[in-house]
Each structure stands twice: as structure tokens, then as C-alpha cells.
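Residue-level listing of the chains:
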Amino acid sequence: MPAGAPNRVEVAVVMRREPVSGPMSRWQRWRWLLADVLSGEALEQLDLPAAAGPLPLEPAAGERVERDQSDQASHWLYPGLALELHPDDLEGYYLNLSSPQPCCWVMWRPDEAVLPDGAPAPLPQIATLSYHDAGRWLDAQERVEQVPAPAAVVAWLAAYVESRYQPEPKRRQRPASFQSLADRFGNPVSISTGDRRGRGRGGDVA
């Protein structure tokens, strides 16, 4: 995968703005969701201008927007972010790779700027492939969303982790048969292995 450095890949974040329906629309007309994270060829094909964003992905250049489409969902591109890998967070990357669907997490905040139509805009702050990073951001009450990581990014991450990470060996657990037994009062209990067949109330049976 093209990258400026072995541990860094340039990406762009796509945010989706969609209308809010139902009673909540009285207080909030729009809501923002993380739609995608683009890298490599998908990013190069967009032929981005020098502007930092947000850049509208609809309509396409030269396409007119009909009046009755003004309340439809739209997608906005935020270039200029990067995924960086750090050797001290290998376990966080390993946990991500071990999941059924490796993800890319993005932390974003409301922005003071507005879109051309006057609607408030979000501002993606940082993207990560670390399970630990995402957990810390959530603990700090940040807005964090996830999308499946691009296949090329997953392959890049896997190569990085495989060349550096060594999982700690699991400690052998003591077999349950060696654990001491106790009754419901916590007193030690011993189990006799003698043959109880032939024992009666009066002693041994001849």
C-alpha cells in the first residue's frame, strides 16, 4: 500500500448527513454519521483539490440539485487525516485484527464552521486502528464511530503486527482436582475412597 512512511497511511473520512425523522426533528433537523474511510486507490480516484474540506460528494461536478432533493442525505469528504501505527500499541492492533471485522475508528466533534447551506458541520479529529485508542476516547465521552477498514489497510496492519507482536503465553491453570474442597460453612472437606459396599448401621457385614 502506498504510504509516506512504513507506519503511516494517508486517509480521508466521509461523513454522512441525513435528515432526522419523527419527533426529534423538532429540535434537530440533521444528524451526522461516519460513512467511510478512504485510502490508497479509492482516495486517488477522487482527484481532490487543494482545499482541506469538507468537500461535497454530491452532486457530481456540473450536476444540478433539484429543489425536492434538498432534504435528502448527502456525503462530505474530509481529507488530510492519517492512520499511524505505534510499536507501543501492538496489542490494540492485534485485538482489532482478531475481531470478525477489523475496523477503523474515527473520533469527531461538532465544528464551529457551517456548510454552504448554513447547516452545522462535524470535524473529524483523528482516525485509528487501535482497539485501545477507541476505548479511551469512549471513556472520555467523545463521539467515536467505526466502519470496516479497507482491505488494503487490513493487510498493511496485519503485516505490521505479525512482524512485531508476540502474544504473551497463557499461564497454565491449576487443574480443579488439586483445589481444596470446603463445605457450605467454609470448613475443609475430605473424601473417603474406601469401599462403602457392605457397610451397614451395625458395622461390617459378614
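Up top is the structure.
Residues numbered from 1 in each chain as written. Predicted model: local features only at pLDDT ≥ 70, side-chain atom pairs only at ≥ 80, totals over all residues. Heavy atoms only, no water.

## Topic: the sheet that holds strand β1 (residues 8–19)
And then number 1: Strand order across the open sheet formed by four strands is β2-β1-β4-β3, with antiparallel pairing between neighbours. Looking along the sheet, the strands with just one partner apiece sit at the ends: β2 (30–39) and β3 (55–56).
And then number 2: Pairing analysis gives nine bridges linking β1 to β2, with the strands arranged antiparallel. The partner of glutamate 18 across the bridge, within β2, is arginine 31. (Pairing = 2+ DSSP bridges. Helix = DSSP H or I, 4+ residues; strand = E, 2+ residues; numbered from the N terminus.)

## Thoughts on the pattern of salt bridges
And then number 1: Within the structure shown, the criterion is met by six salt bridges.
And then number 2: Here glutamate 18 ties to arginine 16 by a salt bridge, and the two come within 2.9 Å at their closest N and O atoms.
And then number 3: When its relative accessible area of 11% is taken as the criterion, glutamate 18 is described as buried.
And then number 4: Its salt-bridge partner being aspartate 133, residue arginine 136 comes within 2.4 Å of it at the nearest N-O pair. Pair noted here: arginine 136 and aspartate 133 are both in helix α3 (residues 131–139), with a separation of three residues, about one helical turn.
And then number 5: You can call aspartate 133 buried: its relative accessible area is 18%.
And then number 6: Taken together, the salt bridges that share partners define one network made up of Arg8, Glu10 and Glu84. (Salt bridge = Lys/Arg side-chain N within 4 Å of Asp/Glu carboxyl O. Buried < 20%, exposed > 50% of the residue type's maximum accessible area, 1.4 Å probe, protein only.)

## What about the packing of helix α2 (residues 90–97) against helix α4 (residues 151–162)?
And then number 1: Look at α2 against α4: their axes get within 10 Å of each other, and the N-to-C directions meet at 130 degrees. On the basis of the axis angle, α2 is oblique to α4. Regarding α2 and α4, the two cross each other, and that crossing is left-handed. For the pair α2 and α4, contact is made by Leu90, Tyr93, Tyr94, Asn96 and Leu97 and by Val154, Leu157, Ala158, Tyr160 and Val161, respectively.
And then number 2: For the contact of α2 with α4, a count of residues per class yields nine nonpolar, one polar and no charged. (Axes fitted to C-alpha atoms, helices over the stretch in contact; angles between N-to-C directions. Parallel < 35°, antiparallel > 145°, perpendicular 65-115°, else oblique. Left-handed = near helix turned anticlockwise from the far one by under 90°. Contact = heavy atoms within 4.5 Å. Nonpolar A, V, L, I, M, F, W, Y, C, P; charged D, E, K, R; others polar.)

## Focus: the sheet that holds strand β5 (residues 103–114)
And then number 1: Strand order in the open sheet formed by three strands is β6-β5-β7, with antiparallel pairing between adjacent strands. The open sheet has two edge strands with one neighbour each: β6 (120–128) and β7 (143–148). Put simply, the sheet's adjacent strands are angled 40 degrees from each other on average, direction ignored.
And then number 2: Relative to β6, β5 runs antiparallel, the two sharing seven bridges. Its bridge partner being in β6, tryptophan 105 is matched across the sheet by threonine 128.
And then number 3: Packed onto the sheet, α3 meets β5, β6 and β7 and runs at close to 140 degrees relative to β6.

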